[in-house]
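# Structure at a glance
Given next are the chains, with one letter for each unit.
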Amino acid sequence: MPEAVVLAAARTPVGKRGGALSGVHAVDLASHALNAVLDHAGLEPDAVDDVMLGCVSQVGEQSWNVARNAVLAAGWPEAIPGTSIDRQCGSGQQAIANAAAAVLAGHADVVVAGGVESMTRVPMGSNTGAGAGEPYGPAVRDRYSDRVDAARAMPFDQGVGAELVAERYGIPREAMDEFSLASHRKAADATDKGAFEAEIAPLAEMRADEGIRRDTNREKLAALQPAFRAEGSVTAGSSSQISDGAAALVVTTDEHARRLGVAPLARIAAAATVGADPVMMLDGPIPATARILRRAGLDLDEIDVFEVNEAFASVPLAWLAETGADEERLNPRGGAIALGHPLGASGARLATTMLHYMRDTGAHRGLQTMCEGGGMANATVFELLR
């Protein structure tokens, strides 16, 4: 039986809101990642059968199928199609899973999967603004009316969800601040050691991720006011950053990789998705991890590195508390609190960073999981092949 494999993974640097990438159209962010990853894989565009890109705010400059437009902007043959995927923050990770399914089913030989988001140019929530219509509808509001404020325009709120996760799993403010500080320190250390250089394709004179706060400290984090509830514990410092960026991976089968003469980087060993409480919203990585370990026939201690998206510090901390995983194996090069969270791109960015870490360190297995808007989560297990 064929296996789904990754030939290469690459990304743009992640820019902060209003920063160095703010002048770059989302289509051009994506096309840059597409060309970079094909260069890493040593393939020509005509080897690609399809492109699948995650994107959350599919409106304005990210509307009209950003994946197809990225193919055209990259200068690839017009015969190559593209499709845009929305599984909220896990969109880029879902694109990888969809690509794996496509090549295993024989629907394609080579798929480039990834994601893009320009949160500067297409702000989060742009697709739910004035005149956009109600995204939930009365049936959903009625179902959860006893748990949410009926007057709110959006009945489910990720910031409130982060507070609920902190409350449910007993995560104190001090632990979230400490975790956030560690994210910046790990990301800064990795940058200084050149650990990201192999995965980043420089763009707009930018060679490194822009959001790392080298000057932050415990005192600065402790001084921040709660961001979502007056008496809450989640702050801007323990939340992911609003960012711009794109990432892409080349997915095929081991059999087709041999025909191409390209040694695979890693095997996609398993993929899983779950739904979770949409009000709590953000603790889906816990059941997603349990599901994918069962599916892969693995125990937690057989995983060498974990990437749990740092949408908010309470999410990976709750995950650690419930799974009992080794914290030293979690997000070793920092996460979205330091590096940023360009929504549709983040799943592919996490995979890219984890795969390069695995190659650099020889870690055999990596598990990636992300919480998602609407109460969902993705999980993927990769196994290093070279």
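Preceding this section is the structure that the text describes.
Residues numbered from 1 in each chain as written. Predicted model: local features only at pLDDT ≥ 70, side-chain atom pairs only at ≥ 80, totals over all residues. Heavy atoms only, no water.

## A closer look at the packing of helix 3 (residues 91-105) against helix 12 (residues 343-361)
- Where helix 3 meets helix 12, the axes come as close as 4 Å, and the angle between the chain directions of the two elements is 65 degrees. Here helix 3 contributes Ser-91, Gly-92, Gln-93 and Ile-96 to the contact with helix 12, which in turn contributes Gly-344, Gly-347, Ala-348 and Ala-351.
- Residues that form the contact of helix 3 with helix 12 fall into these classes: 3 nonpolar, 5 polar and no charged. (Axes fitted to C-alpha atoms, helices over the stretch in contact; angles between N-to-C directions. Helix = DSSP H or I, 4+ residues; strand = E, 2+ residues; numbered from the N terminus. Contact = heavy atoms within 4.5 Å. Nonpolar A, V, L, I, M, F, W, Y, C, P; charged D, E, K, R; others polar.)

## Let's talk about the environment of Pro-77
- Topologically, Pro-77 is positioned in the loop between helix 2 (66-73) and strand 4 (82-85).
- Along the sequence, Pro-77 and Val-48 sit 29 residues apart, while their C-alpha atoms lie 9.5 Å from each other.
- Those residues within four positions of Pro-77 in sequence are excluded, and the remaining contacts are Pro-45 and Val-71.

## Considerations on unusual backbone geometry
- Positive phi is not limited to glycine here, since Glu-205 has a value of about 60 degrees.
- Residue class for Glu-205 comes out exposed when judged on its relative accessible area of 84%.
- Its identity as a non-glycine residue notwithstanding, Asn-331 has a phi of 45 degrees, on the positive side.
- The residue Asn-331 is located in the loop between helix 10 (314-323) and helix 11 (336-339) in this model. (Buried < 20%, exposed > 50% of the residue type's maximum accessible area, 1.4 Å probe, protein only.)

## Re the packing of aromatic side chains
- Under the defined criterion, the tally for this structure stands at 4 aromatic pairs.
- The structure contains a cluster of three or more aromatic residues connected by ring pairs, namely Tyr-136, Tyr-144 and Phe-156.
- A cation over an aromatic ring shows up here: Arg-11 above the ring of Phe-196, its NZ or CZ 5.3 Å from the ring centre. (Phe/Tyr/Trp six-rings, centres within 6.5 Å; stacked < 30°, edge-to-face > 60°. Lys NZ or Arg CZ within 6 Å of the ring centre and 35° of its normal.)

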